[in-house]
Amino acid sequence: MEGLRAELRAVAEAAQPCSARHIYYLGIGRLWDKDAGRSRRNYAVVVRELGYMRERGQLPWEWITDGTRLVRQDEQYDSVEDALAHATQTYRRNLWTSQRRRVEVWCESDSVAGVLLPVTSAWGVGLYSCRGQSSKTFVHEAVVDYLRQPKALSICFIGDWDPSGRSVPRSVAERMERYGNGDLDLDFRQIAVTAADVRSGQFTSHYVNTADVNFKRYHQECRREGIDPHTAVEVEALSPGLLRSRLSDAIETLVDDVAAWNLLARTEEAEQELLQNLHTRVRAALRPDPADDAPPS
């Protein structure tokens, strides 16, 4: 068991941040076999041991992502200095205001969102988790927000290639077009898992549930793409590093005015320095003068 834990740590360290499911997929064929049918035995072992190792300090908690923890609370500060310190650390210019398009990233699950967050944060784009099939309200509210801004929209989607997984982007795109009443300029692209990924045969696959209500359309799509409709690939079959690299490349291609982007980036640096100087001055102004506490001479 200690040998397995050492292997788990090595996999997690190379892939972090990643989900437990990603680690399970990365070990298939080398550390364990893929669970078959309804069995989740090997996956359960991975989850159990990752939990054991983190609780005992053998694995850093931040290496394993959990996108399901959502806290709703207004931002609060202990003081003006505290607020300025936070602003100094987190201030970001919206560099996308210099571009013709608005860019967002949508993914199928919270666990995948945790893997992608370092990329979306670095590029300053929104990251949305569909959590399976997005509700009509979720998509409608997104479209209403888009229409407030006279900009075209590019969405990079990451999800499974299986009947349910392929129905998510199809449904989202169809609803956006419908709710937008033709006023939304939408570029919706799935960058993983793609038909090319499945055709390559490089990634762990599994048999399809033909009883899925989405199987008929999935069957038709696979036939058009030259793919066996009884084969599916989950997004966790692609390594976290590959997903992050592919997403970063896709976002970079959507920067259409590099000069304007770089100009705003330099402005951002100057403003960050301004905030830092302001914070230093406020901190000095609010700091008690030691002479005030000295006993009278």
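Preceding this paragraph is the structure being described.
Residues numbered from 1 in each chain as written. Predicted model: local features only at pLDDT ≥ 70, side-chain atom pairs only at ≥ 80, totals over all residues. Heavy atoms only, no water.

Student: Give a description of the packing of aromatic side chains that names residues and reports values.
Tutor: One pass over the full model with this rule turns up 7 aromatic pairs. Aromatic pair Tyr24 and Tyr25: ring centres 5.4 Å apart, planes at 80°, arrangement edge-to-face. For Tyr24, a relative accessible area of 3% puts it in the buried group. When the ring of Trp106 is compared with that of Tyr128, the centres are 5.3 Å apart and the planes differ by 25°; the resulting orientation is stacked. Note that Trp106 is positioned in strand E1 (residues 101-107) and Tyr128 in strand E2 (residues 126-129), a separation of 22 residues in sequence. Judged by relative accessible area, which is 25%, Tyr128 ranks as partly exposed. An aromatic cluster is built from Tyr24, Tyr25 and Tyr43, whose rings are joined through pairwise contacts. Positioned over the ring face of Tyr52 is Arg5, at 3.9 Å from the centre of the ring. (Phe/Tyr/Trp six-rings, centres within 6.5 Å; stacked < 30°, edge-to-face > 60°. Buried < 20%, exposed > 50% of the residue type's maximum accessible area, 1.4 Å probe, protein only. Helix = DSSP H or I, 4+ residues; strand = E, 2+ residues; numbered from the N terminus. Lys NZ or Arg CZ within 6 Å of the ring centre and 35° of its normal.)

Student: Describe the pattern of salt bridges, and please don't skip the residues or the numbers.
Tutor: Evaluation of the coordinates by the stated rule reveals 19 salt bridges. Between Glu49 and Arg48 there is a salt bridge whose closest N-O contact spans 2.9 Å. For Glu49, a relative accessible area of 4% corresponds to the buried category. For Arg199, the salt bridge goes to Glu225, with nearest N and O atoms at 3.2 Å. Note that Arg199 is positioned in helix H8 (residues 195-200) and Glu225 in helix H9 (residues 215-225), a separation of 26 residues in sequence. Its relative accessible area of 46% is what places Arg199 among the partly exposed residues. One continuous salt-bridge network, built from bridges that share partners, spans Glu2, Arg5, Arg48 and Glu49. (Salt bridge = Lys/Arg side-chain N within 4 Å of Asp/Glu carboxyl O.)

Student: Tell me about helix H11 (residues 258-286), and name the residues and values.
Tutor: Under the 1.5 Å per step criterion, the end-to-end length of H11 is 42 Å for 29 residues, consistent within 8% with the ideal 42 Å. Of the residues making up H11, those classed as buried are Ala260, Trp261, Leu264, Ala265, Glu268, Leu275, His279 and Val282. Considering only its buried residues, H11 is in contact with helix H4 (80-90) and helix H5 (110-123). (Expected span 1.5 Å × (residues − 1). Contact = heavy atoms within 4.5 Å.)

Student: Pulling in residues and values, what's your account of the nonpolar core?
Tutor: Ile23, Ile158 and Leu247 are the most contacted members of the largest nonpolar core, which totals 57 residues. Here the element with the most residues in this core is H5; it accounts for 6 residues. Leaving out residues up to four positions away in the same chain, Leu247 has contacts with Val105, Leu116, Val119, Thr120, Cys156, Ile158 and Ile191. In terms of nonpolar packing, the next biggest core, distinct from the first, is built from 15 residues, Val139, Tyr146, Val172 and Met176 among them. (Core = buried A, V, L, I, M, F, W, Y, C linked by side-chain atoms within 4.5 Å.)

Student: Before we move on, can you summarise the sheet that holds strand E3 (residues 152-158) with the specific residues and values?
Tutor: Picture the strands of a sheet paired through backbone hydrogen bonds; they go either parallel or antiparallel. Ordered in space as E2-E1-E3-E4, the 4 strands form an open sheet in which the pairing is parallel. Whereas interior strands pair on both sides, the edge strands pair on one side only; in this sheet they are E2 and strand E4 (186-192). Mean inter-strand twist for the sheet, computed between neighbouring axes without regard to direction, equals 25°. Strand direction decides the pairing type here: E3 and E4, joined by 6 bridges, are parallel. Along E4, the bridge assignment pairs Ile158 with Ala192. Along the sheet, helix H6 (residues 136-147) makes contact with E1, E2 and E3, crossing E1 at roughly 165°. Contacts from helix H7 (residues 163-179) reach E1, E3 and E4, with the element oriented near 170° to E4. (Pairing = 2+ DSSP bridges. Axes fitted to C-alpha atoms, helices over the stretch in contact; angles between N-to-C directions.)

Student: Can you break down the packing of H7 against H9 residue by residue, with the values?
Tutor: For the pair H7 and H9, interaxial distance at closest approach is 9 Å and the crossing angle is 90°. With respect to their mutual orientation, H7 and H9 come out roughly perpendicular. Residue-level contacts link Pro163, Arg166, Arg170 and Glu174 of H7 to Phe215, Arg217, Tyr218 and Glu221 of H9. The class makeup of the residues in the contact of H7 with H9 is 3 nonpolar, no polar and 5 charged. (Parallel < 35°, antiparallel > 145°, perpendicular 65-115°, else oblique. Nonpolar A, V, L, I, M, F, W, Y, C, P; charged D, E, K, R; others polar.)

Student: Describe the side chain of Ser129, listing the residues and the values that go with them.
Tutor: With respect to the helices, strands and loops of the structure, Ser129 is situated in strand E2. Given a relative accessible area of 17%, Ser129 falls into the buried group. Looking at Ser129, its side chain comes within polar contact range of the side chain of Asp110, at 2.8 Å. Excluding residues that lie within four positions of it along the chain, Ser129 makes contacts with Cys107, Ser109, Asp110 and Phe138. (Polar contact = N/O pair within 3.5 Å; in protein donor to acceptor, adjacent residues only side chain to side chain.)

Student: Summarise the state of the cysteines; cite the residues concerned and give the values.
Tutor: In protein structure, a disulfide is the covalent linkage between the sulfur atoms of two cysteines. Across all of its chains, the model carries 0 disulfides by this definition. The thiol sulfur of Cys156 is not disulfide-bonded, and the nearest other cysteine sulfur, from Cys107, lies at 12 Å. (Disulfide = S-S within 2.5 Å.)

Student: Provide a residue-level description of unusual backbone geometry, including the pertinent values.
Tutor: The amide bond that connects Gln16 to the next residue, Pro17, takes the cis arrangement and shows omega of 0°. With phi around 50°, Asn181 is a residue other than glycine that occupies positive phi space. Along the chain, Asn181 turns up in the loop between H7 and E4. For Asn181, a relative accessible area of 63% translates into the label exposed.

Spatial relationships are all this shows, so hold off on functional conclusions.
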